[in-house]
Amino acid sequence: MSGRIGFVGLGNMGEPMARLLAGAGHDLHVYDAGPAARERLDGVAGIRVAKTAADVADGADAVILMLPDSDVVEAVLLGDGLLGRAVPPTVIVDMSSSVPARTRALADRAAERGVPLIDAPVSGGVTGARGGALTIMVGGPAETVARVRPVLDVLGSSVVHAGERPGAGHAVKALNNLMSAAHLLVSSEALIAGREFGLDPAVMLDIVNGSSGRSGSTQTKWPRFILPGGFDSGFALRLMLKDMRVALDLEDATGTPAPLSRAAVDAWAEAAEALPADADHTEIARWLEARRAAGPTRTGE
Ligand code: NAD
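Analysis parameters
- Residues numbered from 1 in each chain as written.
- Predicted model: local features only at pLDDT ≥ 70, side-chain atom pairs only at ≥ 80, totals over all residues.
- Heavy atoms only, no water.
- Near = heavy atom within 4 Å.
- Polar contact = N/O pair within 3.5 Å; in protein donor to acceptor, adjacent residues only side chain to side chain.
- Nonpolar A, V, L, I, M, F, W, Y, C, P; charged D, E, K, R; others polar.
- Domains from an automatic or database assignment.
- Contact = heavy atoms within 4.5 Å.
- Buried area = accessible area lost by both parts, 1.4 Å probe.
- UniProt positions renumbered as here; feature names shortened; annotations may be inferred.
- Helix = DSSP H or I, 4+ residues; strand = E, 2+ residues; numbered from the N terminus.

Draft legend 1. Representation of the site of the ligand in the model. By nearness alone, 25 residues border the ligand, and M13, D32, P68, G234 and K242 come closest of all. At 3.1 Å, a backbone N or O of A33 approaches a nitrogen atom of the ligand. Contact between the ligand and L67: an oxygen atom at 3.0 Å from a main-chain N or O atom of the residue. Broken down by class, the residue content of the shell around the ligand amounts to 13 nonpolar, eight polar and four charged. Inspection of the shell around the ligand shows a minimum of three residues originating in each of domain 1 (4–164) and domain 2 (171–294).

What follows is the structure, given as structure tokens:
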């Protein structure tokens, strides 16, 4: 598929993704609720800025959503009337990290109009979005996925069909982020303890990254965003906590014992309370460090 693409949500991820698609020769019609986000793309070759979210559906082969969560996805599709403007053969692709059950309900509503809605959330962060190197996990019928595959191939270096039912991608995305957040929390606890014991965190990372304790947190997040003190990965802590809660709900709904997941969600929720609303998710390490410095003030810890 090459052609007209509607795109809603031009934030940390959506803006570079829209630029890549335009650069690959697609005709982009974009919208964001934020005026600054719209202005950043105004005048870029291959991109037209729409007046409303619903406008991007007109004549689109595919409409991509890159929005914060299911509340906003529903507000745009139902409240702002984007779904009501979509007609076959448009395919709606929710690339946000949304709630799987809510995605299924939306796909059912879209199907009533003959419009397929599939989910294609991503991993790889802002760096992956800029470089077209995202991992994209897709939920939906194979024939619909095949129709949008050329578009997804511009954005991702790995496009994986997670399952035939919409919501499959959103489920694995939430579970992935729960694992990632738990790794980041425990590796931060361990690295701070090691540093207090007199070890050099950079040396510890070298050792761990050649050993069985390694993870994306020790290989990428700590060396790039935490040790240099930038805390600037471009992925908000509140969005990580949202994904963790979606995953924990899924574990609870399936009767899976999840003591570690629950403890991780509680710790991240506490950090979210203590930190500014726009804190980067890598600030979980800064929050831990602040708690250590404050000392063991509460019993039972
Ligand atoms: P963001 O907050 O930077 O961007 C979201 C954009 O949506 C903003 O520009 C905002 O103005 C816009 N928006 C909000 N409400 C709107 C509405 N009603 N109508 C139109 N636009 C609206 O978020 P992000 O970091 O780009 O993340 C987007 C999605 O991708 C989230 O679901 C997130 O969990 C997921 N994700 C993010 C990363 C990352 O590293 N940032 C990585 C993987 C997945």
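Structure shown, so let's carry the discussion forward.
Draft legend 2. Geometry of the domain arrangement of the protein. Entries for the protein in the domain assignment read domain 1 (4–164) and domain 2 (171–294). Taken over C-alpha atoms, the centre of domain 1 sits 28 Å from the centre of domain 2. On the domain 2 side, the residues contacting the 14 residues of domain 1 number 12 residues. Where domain 1 abuts domain 2, roughly 920 Å² becomes buried across the two surfaces, and 62% of that area is made up of carbon and sulfur atoms.

Draft legend 3. The UniProt feature "domain: 6-phosphogluconate dehydrogenase NADP-binding" (unreviewed entry) in the protein, seen in detail. Per the UniProt record, "domain: 6-phosphogluconate dehydrogenase NADP-binding" (unreviewed entry) is annotated on residues 4–163. With 41% helix and 25% strand, the stretch residues 4–163 has end C-alpha atoms that lie 26 Å from each other.

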